Amino acid sequence: MTTSNATVEKKRYYEPAPQDIDVANFRKVIESRRSVRKFTDKPIPSEILDECLDLALLAPNSSNLQPWTFYVVQNPAKKKQLVKACLGQLAAKTASELIVCVARTDRVDEMAKLNISEFPFPEAPPAIQKYYRFIPYNYKTGYLNALGNFKKVAFKVARTLDKQLPVTAFNPADAKLWATKTTALACENLVLALRAYGFDSCMMEGFDEPLVRKILKLNDQQHPVMVIGAGERANDGVFFPQYRFDRDLFIQKV
């Protein structure tokens, strides 16, 4: 058979899953992760903090658009303001590091273009390029919500025809929710990474959002999700034993 008539098999990418993961240690990391309210004076080495932040960035996220920014607040004046914004919580006062986790809906176009230009092959396949030209519209709502309203009507009509459609943003609140859900996944990666390195954290949602926005000069499409206090756990840093309710309240197999 000549080469011209032969069927050329398309080369595919394969990534085998590692089989040597220590499940006992993984479980220990999860079970020992606690909301620590008091930290020692020991600093987190910069290389460990950077490694934990890098692991946070490996969190799953929609279409690899990575709609987050982590502000590591180390300037003394800004850190003092941030403690105030965190309502003076002990976890904020004693933390070695304060990290503001921000969900972003303001650079979907930029991230989509990066997915094309930094695709991990010499050139992004045409299907990938097409996908990233159109996927930003899934999360945009347009001026005066014009695009969001159009999508809402179009999706409603399509569903009357029994068409299955993905979650999309019909208004700015939907876009914020999308980015927030994704950012929260990265936050979980971050606190588990800290625990694996022998440090602890407190994920704080109790903060004055307008003041945090002012400190970091955030725009109205940058949404603070939580402030993570991190450091070495003090001996009395955990105030109560951990407990959870009956699993049958939360898990249903259907």
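Residues numbered from 1 in each chain as written. Predicted model: local features only at pLDDT ≥ 70, side-chain atom pairs only at ≥ 80, totals over all residues. Heavy atoms only, no water.

**A look at the packing of helix α3 (residues 76-85) against helix α10 (residues 209-216)**
Then, number 1: The geometry of α3 relative to α10 is characterised by a closest axis approach of 9 Å and an angle of 165° between their N-to-C directions. Taken together, the axes of α3 and α10 are roughly antiparallel relative to one another. Where α3 crosses over α10, the handedness of that crossing is left-handed. For the pair formed by α3 and α10, the contact residues are Lys-78, Gln-81, Leu-82, Lys-84 and Ala-85 on the first element and Leu-211, Val-212 and Ile-215 on the second.
Then, number 2: Looking at the contact of α3 with α10 residue by residue, the class counts come to five nonpolar, one polar and two charged. (Axes fitted to C-alpha atoms, helices over the stretch in contact; angles between N-to-C directions. Helix = DSSP H or I, 4+ residues; strand = E, 2+ residues; numbered from the N terminus. Parallel < 35°, antiparallel > 145°, perpendicular 65-115°, else oblique. Left-handed = near helix turned anticlockwise from the far one by under 90°. Contact = heavy atoms within 4.5 Å. Nonpolar A, V, L, I, M, F, W, Y, C, P; charged D, E, K, R; others polar.)

**Section: the pattern of salt bridges**
Then, number 1: Scanning the entire structure with this criterion turns up eight salt bridges.
Then, number 2: Through salt bridges with shared partners, a single ionic network connects Arg-195, Asp-200 and Arg-233. (Salt bridge = Lys/Arg side-chain N within 4 Å of Asp/Glu carboxyl O.)

**Comments concerning the nonpolar core**
Then, number 1: Membership of the largest hydrophobic core comes to 32 residues, with the highest contact counts inside it found for Leu-65, Phe-70, Leu-190 and Ile-228.
Then, number 2: Breaking this core down by element, the ones donating at least two residues are α2 (46-56), β1 (68-73), β2 (97-104), α5 (108-117), α9 (172-196) and β4 (222-231).
Then, number 3: Ranked by the residues each element gives to this core, the list is headed by α9, at eight residues.
Then, number 4: Here this core spans two domains, since at least three of its residues come from each of domain 1 (34-106 + 177-234) and domain 2 (110-161).
Then, number 5: Setting aside residues no more than four positions away along its own chain, Ile-228 makes contact with Glu-97, Leu-98, Ile-99, Cys-101, Cys-187, Leu-190, Val-191, Ser-201, Cys-202, Met-203 and Met-204.
Then, number 6: Ranked by size, the runner-up nonpolar core spans 21 residues in total, among them Val-36, Cys-202, Val-212 and Val-227. (Core = buried A, V, L, I, M, F, W, Y, C linked by side-chain atoms within 4.5 Å. Buried < 20%, exposed > 50% of the residue type's maximum accessible area, 1.4 Å probe, protein only. Domains from an automatic or database assignment.)

**Some details on unusual backbone geometry**
Then, number 1: Unlike most non-glycine residues, Asn-145 shows phi in positive territory, near 65°.
Then, number 2: Locating Asn-145 in the fold gives a position in the loop between α7 (136-139) and α8 (146-160).
Then, number 3: Judged by its relative accessible area of 15%, Asn-145 is buried.
Then, number 4: Phi at Lys-217 takes a positive value of approximately 55°, unusual for a residue other than glycine.
Then, number 5: Relative to the assigned elements, Lys-217 resides in the loop between α10 and β4.

**Here's the deal with the UniProt feature "domain: Nitroreductase" (unreviewed entry) in the protein**
Then, number 1: UniProt's feature table lists "domain: Nitroreductase" (unreviewed entry) at residues 30-231, given in the numbering used throughout.
Then, number 2: The span residues 30-231 is 50% helical and 14% strand by assignment, and the distance between its end C-alpha atoms comes to 17 Å. (UniProt positions renumbered as here; feature names shortened; annotations may be inferred.)

**Re the sheet that holds β1**
Then, number 1: An order of β1-β2-β4-β3 is seen for the four strands of this open sheet, with the pairing classed as antiparallel. Of all strands in the sheet, those bounded by a partner on one side alone are β1 and β3 (200-204). The average angle at which neighbouring strand axes cross in this sheet is 25°, direction not considered.
Then, number 2: One ladder, built from eight bridges, connects β2 with β4; its direction is antiparallel. (Pairing = 2+ DSSP bridges.)

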